[in-house]
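# Structural overview for review
Here are the chains, one letter per residue:
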Amino acid sequence: MLNLTWLIPVFPFLAFVLIVLFTNPNKKLSSGIAIGSVAVSWVLSWGVFLQSIAGRIGMGEEAFRLHVPWLPTGTEWFPMGVNVDPLSAIMLFMVPFVCLMIFIYSVGYMHGDPRYSRFFAYISLFACGMLGLVVADNLLMLFIFWEIMGLCSYLLIGFWFEKPSAMKAGLKAFLTTRVGDAFMLAGMLLLYSQTGELTFAHIFAPETLEKLAHSQVNLGFLGSLPWASLLAMLIFGGAVGKSAQFPLHVWLPDAMEGPTPVSALIHAATMVSAGVYLVARCFPLFTAVEAGPQLGLVAFIGAFTALFASTIALAQDDIKRVLAYSTISQLGYMIAALGIGAYVAAVFHLITHAFFKALLFLGSGSVIHGSGTQDMMEMGGLRKHMPITFATFMVGTFALAGVPPFAGFWSKDEILADAFHKFTEHGIASWPFFVWLFLTLAAFLTAFYMGRQIFLTFYGESRRPHAHAHESPKSMTYPLIVLAVFAALLGFAGVPEEFPVLGHLLGGNPFHHFVGHEFPATPLNGLVMLISVVMALGGLFVAWLVYGRSPLKEGQPDPLIQALGPVHTVLRRKYYFDELYQATFIRLALWLSEICFAFDNKWVVDPLVNLAGRAGVALSDLGGWIDRTFVDGAVNGVAAVIGWMGGALRQTQTGRVQNYLLVAVLAVFVLLLISVVI
Amino acid sequence: MAQAIFIILSLITLGCALVVVTNRNLFHSALYLAFVFVGVAGLYFMLQAEFFAGIQVLIYVGAILTLIIFAIMLSRDLMNPNVRGFNRQWWAAAIVAGLLFVVLAVVLWRAPWPAAPVGEPSADFIAELGQALVSPAYVLPFEVVSILLLAALVGSILIARER
Amino acid sequence: MVPLSWYLIVAAALFCIGLYGILARRNAIGILMAVELMLNAVNINLLAFWRYLTPAHMSGQVFALVVLAVAAAEAAVGLALIVAIYRTRDTVNVEEVDLMKL
């Protein structure tokens, strides 16, 4: 089965090609092909996953690799291949399955869309990108698939491009992530220049890392750094863009302009987690230097983003935007976890988050589909009309808020426990303390805004006249149910070993043993767990106090506005980051563009080009005259001479046999005459 | 005596041949051609090739000439004396042919030929000819000629048949 | 006794007369007749050489016989061609039969 790993991204790509080239007019067939291809990939992926679980011991420390020569680079061939290690395997468990659920969901959600087939083509290409990224065995391939996803993200955010906001959102996402990608590309090139390798197995070999950690790079006035730190920070730049971390987080909320399955697939479950995956994949590089600034940077960005995004989520009214900020916040958790070295916890949270966030997004899509609005202030009372959506949404909410025993509780708690453990080791003035503090606060806020969402959406009475909410079709609810099962139960794969009763019963944290047996397990800390449960339940309780006890009536403003005052405005405007970027980077870019334009069009380039053009025209005229007079004359003269000669010779070729015969006889006569005379 | 007969015969033959190629009227040409053939047969006779003289008369006069006359009859307007019978190079052709004859005659005249025949043909050389034709030496040309004749027969019918 | 060269000269004369006919005639049947004259000249040569140089051998005779047969075949095919051309083109003028001329 492992030998077939390379086929996993191929099937969705074939589906993309087939749909684009052949089956575009046939909607049913197109979606069937897309779903079928992902289903095949899913079966293959789970086969690979199961085999790597079963063969964990046999595989030993070595990852499975399969590669072929690809690009000739000087003296060697750059290989292209697949790489299956526990991290890839666990991603292969999650990605195709979530993709499949969302593909099925899309059949119902996109029903009746004029560009239905195209939608499936795009998401198939996206699936190819994500699966390829997961199995890639070198950084270059990873980058290629990374950019394929970026392209799909752009196309899908702007899928309804008739809406100017969607078009702009697509552009924003593309450009913002491009900033991060530029860093990543720089890091990749520097890495190649330093090591001559991009294959993971080689760049993460201990001797290579050793070399990178001990060679310094001089950055001028910034001082000098080990190469490993610099490369790690540059690659982290790519992750910041893709995973929408501060300060490149601005694109993700706007990306909600895309169809909801896209939000679920790309902007919650898979693509945005690719940034986290990248950092996890390059984790040996990040930890190559013990005391480097790179881990501190990662931890700070992650923890800050987690708290910062969750505060914004408090004041949003759009159901999908709340979830988008929640995604940013949760990705911050993962990044922060990686920053403090909690590799296993980060990957665990990545997997569980993918399931419950996909569930929440699909649930919100179902709500939007059923109620016809995205504004939570216009919803209310949907519990009665959409029971399945409500139930599954509740599961997702509990998972996200970290209510035991749902999946999010176990994974979030592992991050917090790791942070707590590290800060007790390092003292209170260390990164892990701030990470723990920020993440704990964020956990409270997460529970609160999710509670707010639940109460505003499903409880109380409808705040919109003539609302006829209805449950969504089965193709939408079934994926919700399946995902809800996973969101509820998946956490049991990572219950800490020392946890009373459950820990032993569930095999002593199999997730940790599978993904990160080389990392020591964090000891169970009852205090941390208690704090996190209190935070989760407390957040939900406060939400009930504010929104649940007395449901909002139609036209009644959000009670938070009064409670928070001007702070609410700041939060509602997302700390004015869009405006800030508008005023600084975008204006600067526009101003630069203006200057470049003027330089180009008015001052230097165009006049030069025009001058060159005029000179060229003048020269050409001269050349043309010379051509016509002398060259043409010569050519025509030769042709005329030859033509004249041909005409003369032509006279001899009469086509009459008798003429020829006469000449032949004459020749015979002459020859005979010669023989006679001589 | 023989020389006198030869000269007379040759002059008649060549004269008739000249008429054949210069007469405008093809029908007349054909009639004169018959005289040429008979004259040539006479020459054969003088060469003691009586058999050839016989088949010359039989085949040329009897078969080929008949065919030619048929062809002349089948194509109308050929005997019309108003139609130009010769092309524009006829004078050049005459000069070249004449010059060629002169050169050939000079060559033949100068060549050291034996004054008299080196021997006499056997009495029944016709029988010998017949045997020679089926002998290993000549059977192949003989058979090839027969095939050629068959092919010519079939080909002529095929070409000339009405479609 | 007639010398050999006389026969040869007469044959050469006949040949050149035939040659003139071939070169100057416009009519295909006329050309064919001229060809027959040339073939006769050849046969005179062959038989003269046989009689004077190799009377004991049959080569000259056989050769003459072959020429005769070829002449007959040539006449048959040539005339058939002429008839066919006349039927389709309504002429036997070789200067007008130029369908294959570029």
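As the structure is a computational prediction, the values presented were derived from the model and not from experiment.

### Concerning the overall build of chain A
Counting secondary structure elements, chain A contains 30 helices and four strands. Of all 678 residues assigned to chain A, the portion counted as buried reaches 54%. Roughly 28,600 Å² of accessible area belongs to chain A as shown, and the carbon and sulfur atoms make up 71% of that amount.

### With respect to the overall build of chain B
Along chain B, the regular secondary structure elements total six helices and zero strands. From first element to last, N terminus to C terminus, chain B shows the α and β order α-α-α-α-α-α. Taken over 163 residues, chain B has a buried fraction of 36%. Relative to all contacts within chain B whose residues are 6 or more apart in sequence, the contacts with residues 24 or more apart total 59%.

### Here's the deal with unusual backbone geometry
Look at the link from F246 of chain A to P247 of chain A: it is a cis peptide, with omega at 5 degrees. At the junction of P404 of chain A and P405 of chain A, the peptide bond is cis and its omega measures out at 0 degrees in the coordinates. Among the structural elements, P405 of chain A can be located in the loop between α19 (387-401) and α20 (407-426). Backbone geometry places A244 of chain A, a non-glycine residue, at a positive phi of 55 degrees. The topology assignment puts A244 of chain A in the loop between α10 (227-242) and α11 (251-254). With relative accessibility at 0%, the residue A244 of chain A sits in the buried group. Its identity is not glycine, yet Q48 of chain B carries a phi of approximately 65 degrees, on the positive side. Within the secondary structure, Q48 of chain B is located in the loop between α2 (26-46) and α3 (50-74).

### Here we look at the packing of aromatic side chains
Residues and elements named next belong to chain A. The full count for this structure, using the stated rule, is 51 aromatic pairs over all chains. Seen from their ring centres, F390 and Y459 are 5.8 Å apart, and the 75 degrees between their planes marks the pair as edge-to-face. Of this pair, F390 sits in helix α19 while Y459 sits in the loop between α21 (431-458) and α22 (474-489), and the two are 69 residues apart along the sequence. Using a relative accessible area of 15% as the deciding quantity, one classes F390 as buried. Ring-pair connections join several aromatic residues into one group, and the members of that group are W42, W46, F49, F93, F97, F355 and F486. Just above the ring of F174 sits the side chain of R178; from NZ or CZ to the centre is 4.2 Å.

### Here we look at the nonpolar core
Residues L133, L285 and F355 of chain A are the most contacted members of the largest nonpolar core, which totals 223 residues. When residues no more than four places from it in sequence are discounted, the contact partners of L285 of chain A are F204, L209, L212, A228, L231, A232 and I235 of chain A. With 89 residues, the next largest nonpolar core counts V40, I72 and L129 of chain B together with A24 of chain C among its residues.

### Comments concerning a nonpolar patch on the surface
Residue and element names in this part refer to chain A. Taken together, the side chains of L588, W591, L592, I595, F599, W603, V604, L608, V609 and L611 present a nonpolar region at the surface, about 1,000 Å² in accessible area. Elements that contribute at least two residues to the nonpolar patch include exactly α28 (577-603) and α29 (605-650). Along the chain, F599 turns up in helix α28.

### Remarks on the interface of chain B and chain C
Facing the 79 residues of chain B at the interface are 67 residues of chain C. For the pairing of chain B and chain C, the buried interface totals around 7,000 Å² over both sides, and the portion due to carbon and sulfur atoms is 77%. A salt bridge links E120 of chain B to R51 of chain C, with the shortest nitrogen-to-oxygen separation between them at 3.0 Å. Between chain B and chain C we count twelve residue pairs in polar contact (both at pLDDT 80 or more) in total. Looking at the side of chain B that touches chain C, the elements with two or more residues in it are α1 (2-22), α2, α3, α4 (90-110), α5 (125-134) and α6 (139-160) of chain B. The biggest single contributor to the side of chain B that touches chain C is α3 of chain B, with twelve residues. Residue classes in the side of chain B that touches chain C are distributed as 59 nonpolar, 13 polar and seven charged.

### Section: the interface of chain C and chain A
Across the boundary between the two partners, chain C contributes eight residues, which contact seven residues of chain A. Where chain C abuts chain A, roughly 650 Å² becomes buried across the two surfaces, and 61% of that area is made up of carbon and sulfur atoms. Between the two partners, chain C and chain A, sit zero salt bridges. Viewed at the interface, chain A and chain C are joined by two residue pairs in polar contact (both at pLDDT 80 or more). No other element matches helix α1 (residues 4-24) of chain C, which puts three residues into the side of chain C that touches chain A. Residues belonging to the side of chain C that touches chain A are distributed by class as follows: five nonpolar, no polar and three charged.

### Topic: the confidence of the model for chain B
Per-chain confidence: chain B averages 86 in pLDDT, with 94% of residues scoring 70 or above. With a pTM of 0.64, the predicted complex shows an ipTM of 0.88.

### Quick notes on the pattern of salt bridges
Residues and elements named next belong to chain A. The full count for this structure, using the stated rule, is nine salt bridges over all chains. Note that R281 is salt-bridged to D85, the shortest N-O span being 2.6 Å. Here the residue R281 occupies a position in helix α13 (residues 271-281), and D85 occupies one in the loop between β2 (76-84) and α4 (86-109), the gap between them amounting to 196 residues. Neither R281 nor D85 differs from the other in exposure class; each is buried. The salt bridge partner of R115 is E162, with a shortest N-O separation of 3.0 Å. Here E162 lies in the loop between α6 (139-157) and α7 (164-195) and R115 lies in the loop between α4 and α5 (116-135), a separation of 47 residues in the sequence. With relative accessibility at 13%, the residue R115 sits in the buried group. Through salt bridges with shared partners, one network takes in E147, R178 and D181.

Procedures and definitions
Throughout, residues of each chain are indexed from 1 in the direction in which the sequence is written. Think of it this way: whatever chain is written first is A, whatever ligand is written first is 1, and the rest follow in order. Restriction of local features to residues with pLDDT of at least 70 applies here, the model being predicted, together with a cutoff of 80 or more for giving and counting side-chain atom pairs; totals for whole chains, interfaces and linings are based on all residues. The side-chain figures draw on all heavy atoms in the structure; neither hydrogens nor water molecules are used. Secondary structure elements are taken from DSSP: a helix is a run of H or I of four residues or more, a strand is a run of E of two residues or more, and numbering for both begins at the N terminus. A simple rule labels every residue: compare its accessible area, found with a 1.4 Å probe on the protein chains alone, to the largest value its type can have, and call it buried under 20%, exposed over 50%, or partly exposed in between. Method for areas: the Shrake-Rupley scheme with a 1.4 Å probe, in which residue coverage is limited to the protein chains shown. Residues count as neighbours in contact if any of their non-hydrogen atoms are within 4.5 Å of one another. In this scheme Phe, Tyr and Trp rings, the latter by its six-membered ring, pair at centre separations within 6.5 Å, and the angle between planes marks the pair as stacked below 30 degrees, edge-to-face above 60, and tilted otherwise. Placement of a positive charge over a ring is assigned whenever Lys NZ or Arg CZ falls within 6 Å of the ring centre and within 35 degrees of the normal to the ring plane. We define the nonpolar core as a collection of buried residues of types Ala, Val, Leu, Ile, Met, Phe, Trp, Tyr and Cys that are connected through side-chain atoms lying within 4.5 Å of one another. Patch definition: residues with relative accessible area over 30% and no salt bridge; like charges joined within 9 Å; nonpolar side chains (Val, Leu, Ile, Met, Phe, Trp, Tyr) joined within 5 Å. A side-chain nitrogen of Lys or Arg and a carboxyl oxygen of Asp or Glu constitute a salt bridge if their distance falls within 4 Å. Values labelled buried area give the accessible surface lost by two parts on being combined, using a 1.4 Å probe and summing over both. Pairing of N or O atoms within 3.5 Å defines a polar contact, subject to two protein rules: one partner must be a possible hydrogen donor and the other a possible acceptor, and residues neighboring in sequence count only if both atoms are side-chain atoms. Gly is placed with the polar residues, together with every amino acid not listed as nonpolar (Ala, Val, Leu, Ile, Met, Phe, Trp, Tyr, Cys and Pro) or charged (Asp, Glu, Lys and Arg). Each residue carries a pLDDT score, the predictor's own confidence in it, on a scale running from 0 to 100.

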